[in-house]
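Coordinate analysis (summary)
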Amino acid sequence: MRLPKPRRPRLPRTRTGQRRLVQAVMAACVLALLPATWLYVVTGDRLRTTADAPRTEVAVVFGAGLWDGEPSPYLANRLSAAAELYHAGRIKVVLVTGDNSRKDYDEPDAMRAYLTRHGVPDSRIVSDYAGFDTWDSCVRAKKIFGVDRAVLISQGFHIRRAVALCQAAGVTSYGIGVDAKHDVTWYYGGTREIFAAAKAALDVVFEPDPRFLGPKEPGVAQALASAR
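None of these values were measured; they are calculated from a predicted model.

Reading the values: the criteria
- Residues numbered from 1 in each chain as written.
- Predicted model: local features only at pLDDT ≥ 70, side-chain atom pairs only at ≥ 80, totals over all residues.
- Heavy atoms only, no water.
- Helix = DSSP H or I, 4+ residues; strand = E, 2+ residues; numbered from the N terminus.
- Contact = heavy atoms within 4.5 Å.
- Axes fitted to C-alpha atoms, helices over the stretch in contact; angles between N-to-C directions.
- Parallel < 35°, antiparallel > 145°, perpendicular 65-115°, else oblique.
- Left-handed = near helix turned anticlockwise from the far one by under 90°.
- Nonpolar A, V, L, I, M, F, W, Y, C, P; charged D, E, K, R; others polar.
- Expected span 1.5 Å × (residues − 1).
- Buried < 20%, exposed > 50% of the residue type's maximum accessible area, 1.4 Å probe, protein only.
- Phe/Tyr/Trp six-rings, centres within 6.5 Å; stacked < 30°, edge-to-face > 60°.
- Lys NZ or Arg CZ within 6 Å of the ring centre and 35° of its normal.
- pLDDT = per-residue confidence, 0-100.

A few words on the side chain of R112. Note that R112 resides in helix α3 (residues 107-117). If sequence neighbours within four positions are ignored, R112 has contacts with D122, I125, V126 and S127.

Right, let's get into the packing of helix α4 (residues 134-143) against helix α5 (residues 156-168). Any two packed helices are characterised by how steeply their axes cross, that is the angle between the axes, and by the distance between the axes. The interhelical angle for the contact between α4 and α5, taken along N-to-C directions, is 40°, at an axis separation of 9 Å. Between α4 and α5, the angle is such that the two are oblique. For the pair α4 and α5, the sense of crossing is right-handed. Across the interface between the two elements, T134, W135 and C138 from α4 touch H158, R161, A162, L165, C166 and A168 from α5. By residue class, the composition of the contact of α4 with α5 is six nonpolar, two polar and one charged.

As a further point, take helix α2 (residues 73-87). If you check α2, its first and last C-alpha atoms are 21 Å apart, about what 15 residues at 1.5 Å a residue would give, namely 21 Å. Y74, L75, A76, R78, L79, A81, A82, A83, L85 and Y86 are the residues of α2 that are buried.

What follows deals with the packing of aromatic side chains. Inspection of the entire model under this criterion finds one aromatic pair. Ring plane angle 45° and centroid distance 6.2 Å describe the contact between Y74 and F157, whose orientation is recorded as tilted. Of this pair, Y74 sits in helix α2 while F157 sits in helix α5, placing them 83 residues apart in sequence. The class of Y74 is buried, set by a relative accessible area of 11%. If you follow R46 out to its NZ or CZ, it ends over the ring of Y174, 4.8 Å from the centre.

What follows deals with the confidence of the model for the protein. Model confidence for the protein is summarised by a mean pLDDT of 87, while 81% of its residues fall at 70 or above. Note that pLDDT drops below 50 for residues 27-31; the model gives that stretch zero contacts with residues more than four away or on any other chain.

Another point: unusual backbone geometry. Positive phi, close to 55°, is recorded for D68, a residue that is not glycine. Looking at the secondary structure, you find D68 in the loop between β3 (66-67) and β4 (70-71). Under the relative-accessibility criterion, D68 is labelled exposed at 84%. Here E207, not a glycine, exhibits a phi torsion of approximately 45°, which is positive. Counting through the fold element by element, E207 comes out in the loop between α6 (184-206) and α7 (219-227).

See below:
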C-alpha cells in the first residue's frame, strides 16, 4: 500500500493573501529578535576588556565544556583571562561555576586545576558544582556564595546574556567577552544565543529557582578573608 505523498505548502495566490503572509513572516522575525535586542540594550555600558575591567573582588567564570577531562579551548580562553585579571591585581577571587552532574564529568575541578597551573592560588578559587546553566550560576552566585558585584568572563556571543541574567539575579556585573576563533563552534554558539535570549527573558520575568539551590556556602567570604 502506497502512502500518499505529502502535499507541498501552497503560497497564497491573491495579493491580499501574499501581503498577509509577508506581514506574518516579518512579525515572527521581529518577535524572534526582540529578546536579543533587549540584551544589547540592557548591557550596552557593561562590557569591558581585561585591560579596562573594573577592580572587583570576584570574577565569575562560566563552564564551557571539557575535552578528555581538560577545559575546552573556549573554556581555557575564559580561564586565561581570569588568571590575567588576577595577576594584574584587578580581582582577588575566582568563582568557577559549571556542571558536575556526573561523577565522570567535573567542570569546576578541571577549571580549578587550570587556574592553579597558571599561577592562581588554590585558596583564591571557589567552586560551584551546580552551575548547570547561566541563570543557575547567577542565582547561586548571589544566594549561595553571597556575591554582590563581579566581573563575568565568557565568549563574546554569550557575555551579554550572562551580564543581563546576573544583573537580574542581584549581582552588579561587568562582562568580559574573550576572543574566540570563528569556527563551527563559534557560529553555533552565536546562532544558539538568538534562542537562548528568549529563555533569558523568561528567566528574568519568572525568576525560577535553580535546579539545585542548597545551603549557603562561605567559600567566597573565606577566600576574600585570606586575601586581606
